[in-house]
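Here is how the chains run, residue by residue.
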Amino acid sequence: MRIEVRQLEKRFGSFQAVDNVSFSIEQGQLVGLLGPSGGGKTSILRMLAGLEMPDQGEIFFDGKIVNPIPPQKRGIGFVFQHYALFPHMDVFENIAYGLRVQKRKKAVIRERVYELLHIVGLEGMEKKYPHQLSGGQKQRVALARALAPEPKLLLLDEPFSAIDAQVRKELRRWLRGLIEQLGMTTVFVTHDQEEAIELADQLIVVREGKVEQQGTPWDIYRNPVSPFIASFVGETNRWQGPVKLAGFPELDRFHGSLFIRPEWIHMRREGGPGHEKGMVKQIRYQGGRWQIEVELANGLHLLTFIQGDHHIFSLGQQVSIWIERALGFTDKEVRAFECASPKTVNAPALSSV
Amino acid sequence: MSRAVMIASTVVWLLLVLILPFSGVVTAAFSEGTASMVNALTSREATHAFTITGIVTVIVVLFNGIVGTMLAFELARGKRQTKRLSAVLHAIVDLPFSVSPVIAGLMILLIFGPSTMLGTFFGHIGVKIVFALPGMVLATIFVTFPLMVREIAPVLTAIGTTAEEAAATLGAGPVRTFWTVTWPMIRWAVGYGLVLTMARSVGEFGAVLVVSGNIMNQTQTATTLIYQHAVNNEMVAANSIAFVLGMFSACVLLVLEWMKQRKEGKKDAHRSAAVGKAIWIVSSR
Ligand SMILES: Nc1ncnc2c1ncn2[C@@H]1O[C@H](COP(=O)(O)OP(=O)(O)OP(=O)(O)O)[C@@H](O)[C@H]1O
Ligand SMILES: [Mg+2]
């Protein structure tokens, strides 16, 4: 299903929860609604579902306006943040609910429910009640229940928020595979940028009720349109310009915020043209990579990462830093600065993520 | 140690306020043999009083069952009311808990008594309210009104609306959603509220005494008949009826206990509160 949203507005009392939001989603895409808490993500999702009426604006499904259509008739599946399973029904009945509403034949319902139990990996659990399930199992039941009536649009509100980190990663990968296999248009809400980047084809970043940026995770990560996005999506170093930095002569005159991603920073033992001198101030092992804080000769601090398990740098060691890229934001513009001195080929590059 | 003391004092308390008085009732009821007890229970005024109690109870349970449930929905789910209005509504619902039943009866006398405006109006159209069944029903409704609301509203608040919204996204209309999702989650609270209302209606004394005028074979109820027998020093008759009501209370307790076990939303706090309420109702007799 193709979705288009135009100038959507929602107020709660005098509070503007969603403010002039427009976006479109192509058939079969997996879209993440990302943003800080209270930004209006759930409100947008609920309006897509028809659970909340917009004060203004239109929502189109496949070119048809759906504003007056109640949730029952929108052909959606919705997975709630805390699953909202029916506590008095067992797993089978929960999954069968939407099919019973459609008055399907008993045999058809049975077949479909067992098929879904297989898909979500809960065979043999059909007689259990929600209170007998773990968080991850409940989540799968909620998903199976939403999928049973074959919705054309799947909406997920923070589907992993109540699950611990390990299971969460597994479920994420599994969900991604499942949705690809079913080819359904899917919108999920999250405030976890790592989750959003890993799962989504497209990201819509929402903040204070407004769409701040829409694009692929790569786009948003590499070319954020605002300081907010630059610091919200991915790790980053933030400086206030102007600064003196080798290889970036324009930065002498740049008045604005500067952002440098850790992976744009390369650390070597020996310097060369376009290198800054620095000293290792802090090293922290993060499982498979080192987080290293360096103080440059000009007093500025930088965080970067080095993949691998070996001790390469030690505390207090003198190092050379080569920076490949920096992003600058002023009130008026966004500028990408590339290093003027090319990377020296013969110096041993010990980092790049 | 302190635990043992607590348990012991609870047992003593139960013995003093519940078991001793009730065994007194049983002894007195049977003191002149089963025959005179059966006589007392089957006398014209006794059967009439039981009938009146039954009629009032049925009407009150039906009324509170419907109106109380609806008000519980309004309180827990109503959207338009501002915070202040809902505070006022809650206070009004709880009013009967804090007002003495006798005063409730007096209020009805003051509003619908023969010499008042409303009383005269209803007299003209041929409806007697005070010293008649309508007044007694009104008084009992007033006294029992919070029971339904206070059983159901917290459950409605606790279950929230997301399960119902989930049903909607799965294609279920409002009626289907109510019967397949909402009702199964609140039915034991509703049943509980109904049983409590019934117990309280059967046992109501003060408000009904004031409003009914306690006219034998007309407006006399089981409890006001006990009162009259006691005043006339007819202890066998008084205690026989008290014994029947006591047995009824015991049955109610058993039913409540059974319902408690059937309640799916296993909330311990809610449960013990309900048991406390049941004991209060039974012992307030
Ligand atoms: N029913 C409501 N009544 C009043 N205010 C509401 C209601 N629902 C949401 N809000 C307000 O609207 C704003 C946006 O809420 P929303 O739930 O859409 O945020 P969110 O982005 O989903 O946040 P989170 O990540 O914390 O779930 C919040 O400030 C919230 O307080
Ligand atoms: Mg939310």
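Within each chain, residues carry numbers counting from 1 in the order of the written sequence. Here the convention is simple: chains get letters from A, ligands get numbers from 1, in the order in which they are written. This being a predicted model, a pLDDT of at least 70 is required before a residue's local features are given, and a value of 80 or more before pairs of side-chain atoms are given or counted; all residues contribute to the totals for chains, interfaces and linings. To obtain the side-chain values, all non-hydrogen atoms of the structure were used and water was disregarded.

Residues and elements named next belong to chain A. Every case where a carboxyl oxygen of Asp or Glu lies within 4 Å of a side-chain nitrogen of Lys or Arg is listed as a salt bridge. Taken as a whole, this structure holds 25 salt bridges over all chains when the rule is applied. For the salt bridge of Glu26 with Arg2, the shortest nitrogen-to-oxygen distance reads 3.4 Å. Here Glu26, found in the loop between strand E2 (15–25) and strand E3 (30–34), pairs with Arg2, found in the segment before strand E1 (3–12); they are 24 residues apart in sequence, far enough to count as distant. Each of Arg168, Arg172, Arg173, Asp192, Glu195 and Glu198 takes part in a single network of salt bridges with overlapping partners. Helix numbers and strand numbers start at the N terminus; a helix is a DSSP run of H or I with at least 4 residues, a strand a run of E with at least 2.

It is worth spelling out the nonpolar core at this point. Residues and elements named next belong to chain A. Working definition of a nonpolar core: buried Ala, Val, Leu, Ile, Met, Phe, Trp, Tyr and Cys residues. They are joined through side-chain atoms within 4.5 Å. Here's how the labels work: a residue is buried when its accessible area is under 20% of the maximum for its type, exposed when over 50%, partly exposed in between, all with a 1.4 Å probe on protein chains only. Grouped together as the largest cluster of nonpolar side chains are 45 residues, with contacts concentrated most on Ile95, Val113, Leu143 and Leu154. Here the element with the most residues in this core is helix H4 (residues 135–147); it accounts for six residues. Only heavy atoms matter for contacts: two residues are in contact if any of them lie within 4.5 Å across the pair. Ignoring any residue separated from it by four or fewer positions in sequence, one finds Val113 in contact with Phe92, Ile95, Ala96 and Leu99. Membership of the second largest hydrophobic core comes to 40 residues, among which are Ile59, Phe78, Phe86 and Val189.

Moving on, we come to the sheet that holds E2 of chain A. Note: strands within a sheet are paired through backbone hydrogen bonds, in either parallel or antiparallel orientation. All names here are of chain A. Pairing in this open sheet of four strands is antiparallel, and the strands run E2-E1-E4-E5 from one edge to the other. The outermost strands of the open sheet, each flanked by one partner alone, are E2 and strand E5 (64–65). When DSSP locates at least two bridges between a pair of strands, those strands are taken to pair. Sheet analysis places strand E4 (residues 56–61) next to E5, joined by two bridges and oriented antiparallel. Bridging across to E5, Phe60 finds its partner in Ile65.

Right, let's get into the packing of aromatic side chains. Only centres within 6.5 Å qualify two rings of Phe, Tyr or Trp (six-membered ring in Trp) as a pair; their planes then separate them into stacked at under 30 degrees, edge-to-face at over 60, and tilted for everything else. In this structure the tally under the stated criterion is 17 aromatic pairs over all chains. With a centroid separation of 5.8 Å and an interplanar angle of 85°, the aromatic rings of Trp188 of chain B and Trp258 of chain B are classed as edge-to-face. Taken together, the positions of Trp188 of chain B in helix H9 (residues 174–203) and Trp258 of chain B in helix H12 (residues 235–262) put the pair 70 residues apart, joining distant regions of the chain. With relative accessibility at 15%, the residue Trp188 of chain B sits in the buried group. Take Trp258 of chain B: its relative accessible area is 46%, and that puts it in the partly exposed class. Put simply, the rings of Phe73, Phe178, Trp179 and Trp183 of chain B pair up and form one aromatic cluster. Whether a charge sits over a ring depends on NZ of Lys or CZ of Arg being within 6 Å of the ring centre and within 35 degrees of the ring normal. Between Arg207 of chain A and the ring centre of Phe228 of chain A, over which it is positioned, the NZ or CZ distance is 4.4 Å. We note Arg261 of chain A situated over the ring of Tyr221 of chain A; from NZ or CZ to the ring centre the distance is 4.0 Å.

Before going further, it helps to examine the confidence of the model for chain B. Residues and elements named next belong to chain B. Confidence of the predictor in every single residue is expressed as pLDDT, which spans 0 to 100. Averaged over chain B, the pLDDT score is 86; the fraction of residues at 70 or greater is 90%. Ranking the helices and strands of chain B by mean pLDDT puts helix H8 (residues 162–169) first, with 94, and helix H13 (residues 268–283) last, with 50. Across the interfaces of the predicted complex, the ipTM metric reaches 0.81, alongside a pTM of 0.80.

We now examine the site of ligand 1. Residues and elements named next belong to chain A. Residue proximity to a molecule or strand is established when one non-hydrogen atom of the residue lies within 4 Å of it. Taken together, 13 residues sit near ligand 1, with Ser37, Gly38, Lys41, Thr42 and Ser43 positioned nearest. Contacts described as polar in this section are N or O atom pairs within 3.5 Å, which, within protein, must combine one atom able to donate a hydrogen with one able to accept it, while residues neighboring in sequence count only if both atoms come from side chains. Here an oxygen atom of ligand 1 sits 2.7 Å away from a polar atom, N or O, in the main chain of Gly38. The element that contributes the greatest number of residues to the shell around ligand 1 is helix H1 (residues 41–49), accounting for three residues. When the residues that make up the shell around ligand 1 are grouped by side-chain class, the tally is four nonpolar, seven polar and two charged. Any residue that is not Ala, Val, Leu, Ile, Met, Phe, Trp, Tyr, Cys, Pro, Asp, Glu, Lys or Arg is counted as polar, Gly included; the first ten are nonpolar and the last four charged.

To estimate how far a helix should extend, the number of its residues minus one is multiplied by 1.5 Å. For helix H5 (residues 101–112) of chain B, which comprises twelve residues, the first-to-last C-alpha distance of 16 Å matches the rise-based estimate of 16 Å (1.5 Å per residue) to within 8%. In this structure, the buried side of H5 of chain B is in contact with helix H6 (117–124), helix H7 (133–159) and helix H10 (206–212) of chain B.

Time to look at the domain arrangement of chain A. Residue and element names in this part refer to chain A. Considered domain by domain, chain A is made up of domain 1 (1–228) and domain 2 (235–336). A C-alpha centroid distance of 39 Å is found between domain 1 and domain 2. Contact with domain 1, which involves eight residues of that partner, is made by ten residues of domain 2. Using a 1.4 Å probe, buried area is obtained as the accessible area two parts lose upon being combined, added over both of them. When domain 1 packs against domain 2, the two sides together hide about 770 Å² of surface, and 47% of this comes from carbon and sulfur. Taken together, the connections running from domain 1 to domain 2 amount to zero salt bridges. The tally of links from domain 1 across to domain 2 stands at four residue pairs in polar contact (both at pLDDT 80 or more). Split by residue class, the side of domain 1 that touches domain 2 holds five nonpolar, two polar and one charged. These domain limits were set by an automatic method or by a database of domain assignments.

Residue and element names in this part refer to chain B. Fitting a line to C-alpha atoms yields each axis, with helices limited to the stretch in contact; the angle taken between N-to-C directions then spans 0 to 180 degrees. With their axes 9 Å apart at the nearest point, H7 and H9 run at an angle of 160° to one another. Comparing their axes, H9 and H7 come out roughly antiparallel. Relative to H9, H7 is oriented so that their crossing is right-handed. Note on element contacts: H9 touches H7 through Thr182, Met185, Ile186, Ala189, Val190, Tyr192, Gly193, Leu194, Leu196, Thr197, Arg200 and Ser201, opposite Thr140, Val143, Thr144, Leu147, Met148, Glu151, Ile152, Val155, Leu156 and Ile159. Here the residues of the contact of H7 with H9 sort into 14 nonpolar, six polar and two charged. Roughly parallel covers angles under 35 degrees, roughly antiparallel covers those over 145, roughly perpendicular covers 65 to 115, and oblique covers all other angles. Helix crossings fall into two classes, left-handed where the near helix is turned counterclockwise from the far one by less than a right angle and right-handed where it is turned clockwise.

A common way to express how large an interface is: the accessible area buried when the components associate. Facing 21 residues of chain A, the contacting portion of chain B comprises 20 residues. When chain A packs against chain B, close to 1600 Å² is buried across both sides, 65% of that on carbon and sulfur atoms. The three residues of chain A that bury the most area against chain B are Gln72, His88 and Tyr97 of chain A, which together make up 35% of that side's buried surface. At the junction of chain A and chain B, the tally comes to one salt bridge.

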